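Coordinates in review
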Amino acid sequence: MEEAVSIDTSQYTLMVRITTSELQYVYYHPAEDGSMVSKRIALPPIEEHAHAVEQAVYAHEILLQPFKRVYVVLPSTRFVIVPNEVATLSDNSHYYEKLYKASNDYVIESRMPHTGAVMLSGADSRLVSFVNRTFETPTLLHPLTALCEYFYRKSRLGNHRKMYVHLLDGRMDVVCYDRDGLLLANTYNYHHSNDATYHILNVWKQLGLDQRHDEIQLVGDIETRREVSNILRNYILTVVPVIFPSHSHVLGSDAMQIPFDLTALSLCEL
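Attention now moves to the overall build of the protein. Assigned secondary structure in the protein consists of 8 helices and 13 strands. Once the C-alpha set of the protein is aligned to its principal axes, its extents read approximately 55 × 45 × 35 Å. A burial count over the protein gives 49% of its 270 residues as buried. In the protein, the proportion of contacts linking residues at least 24 apart, taken out of those at least 6 apart, comes to 59%. In the structure as shown, the protein presents an accessible area of about 13,400 Å², 49% of it carried by carbon and sulfur atoms. Once the 23 positive and 32 negative side-chain charges of the protein are each reduced to a mean point, those two points are 7 Å apart.

The geometry of helix 5 (residues 193-207) relative to helix 6 (residues 222-232) is characterised by a closest axis approach of 9 Å and an angle of 50° between their N-to-C directions. Taken as axis vectors, helix 5 and helix 6 run oblique relative to one another. In this structure, helix 5 crosses over helix 6, and the sense of that crossing is right-handed. Residues Ser-193, Asn-194, Ala-196, Thr-197, Ile-200 and Leu-201 of helix 5 lie in contact with helix 6, whose contacting residues are Thr-224, Glu-227, Val-228, Ile-231 and Leu-232. Here the contact of helix 5 with helix 6 is composed, by residue class, of 6 nonpolar, 4 polar and 1 charged.

Before going further, it helps to examine the nonpolar core. One finds Met-15, Phe-151, Phe-260 and Leu-265 to be the most contacted residues of the largest nonpolar core, which totals 32 residues. Every element with two or more residues in this core is listed here: strand 2 (22-28), strand 4 (69-73), strand 7 (117-123), helix 4 (143-155), strand 10 (171-178) and helix 8 (260-267). It is helix 4 that contributes the most residues to this core, 7 residues altogether. Residue contacts for Phe-151: discarding those within four places in its chain leaves Tyr-164, Tyr-177, Val-242 and Phe-260. Counting residues in hydrophobic clusters, the runner-up holds 27 residues, among them Tyr-12, Ile-108, Leu-127 and Val-131.

Turning our attention to the side chain of Ser-121. Inspection of the secondary structure puts Ser-121 in strand 7. A relative accessible area of 1% places Ser-121 in the buried class. Not counting the four nearest positions on each side in its chain, Ser-121 is found in contact with Arg-78, Phe-79, Tyr-96, Tyr-106, Val-107, Ile-108 and His-142.

Cut-off values and rules
Residues numbered from 1 in each chain as written. Predicted model: local features only at pLDDT ≥ 70, side-chain atom pairs only at ≥ 80, totals over all residues. Heavy atoms only, no water. Helix = DSSP H or I, 4+ residues; strand = E, 2+ residues; numbered from the N terminus. Buried < 20%, exposed > 50% of the residue type's maximum accessible area, 1.4 Å probe, protein only. Contact = heavy atoms within 4.5 Å. Areas by Shrake-Rupley, 256 points an atom, 1.4 Å probe, with all protein chains shown as cover. Lys, Arg positive; Asp, Glu negative; His and termini not counted. Charge placed at Lys NZ, Arg CZ, Asp CG, Glu CD. Axes fitted to C-alpha atoms, helices over the stretch in contact; angles between N-to-C directions. Parallel < 35°, antiparallel > 145°, perpendicular 65-115°, else oblique. Left-handed = near helix turned anticlockwise from the far one by under 90°. Nonpolar A, V, L, I, M, F, W, Y, C, P; charged D, E, K, R; others polar. Core = buried A, V, L, I, M, F, W, Y, C linked by side-chain atoms within 4.5 Å.

Everything listed here is a matter of geometry and, on its own, says nothing about what the molecule does.
Have a look at this one:
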């Protein structure tokens, strides 16, 4: 167990990001400069993933404190985005179940009001059960949810189409927009910067984006981003980094180190 908690967390926001190999938590007071704290915890490769997460949470007393808001981000390759035009007001899980027929997943439903769609993503039901009984009224999200909402508003600037790419630990989130709204949101695995570049150029071609007038913005792993950007500039005129939100700078140095989906989440009200 870590040392005793010395702050009142009742007005803080907690964000927890859980993958198969790692749990990362971030907490901060929205109104206090320099308040953000982040920590990454490696999870052992055991068969019962939910049990590994449970052990990690109970070993860190800060995670057992009451928070004003709790977000739990659960990356997954199994998801579907349903436009508001066909989404229901109650249960949209049948869309997910049609696509992933053999799945026993717990289906997370997240509304994206700016994007105009509903995100349905799959998660381990045992993990979700632990999260719901451990944290007070947690909001469960797929990482693309916050990215879509954040980048939608950024995409409204200018008349050209935009692609946003988030690179993190061998996974790549790609979100694309035109003036009418979301064109594509997807996640890809990659082993090398060449793999990431291939997926980006393939999406670019499939969407019919213009090499001279449309643009790509990248954020995430610095070395991979540099390598991918250098290759992309051979084919696309405008390849630039995502401008880091100015508000995040005042939260502290840890704000510059967290995954950008958590940065986006800290700026979106979901």
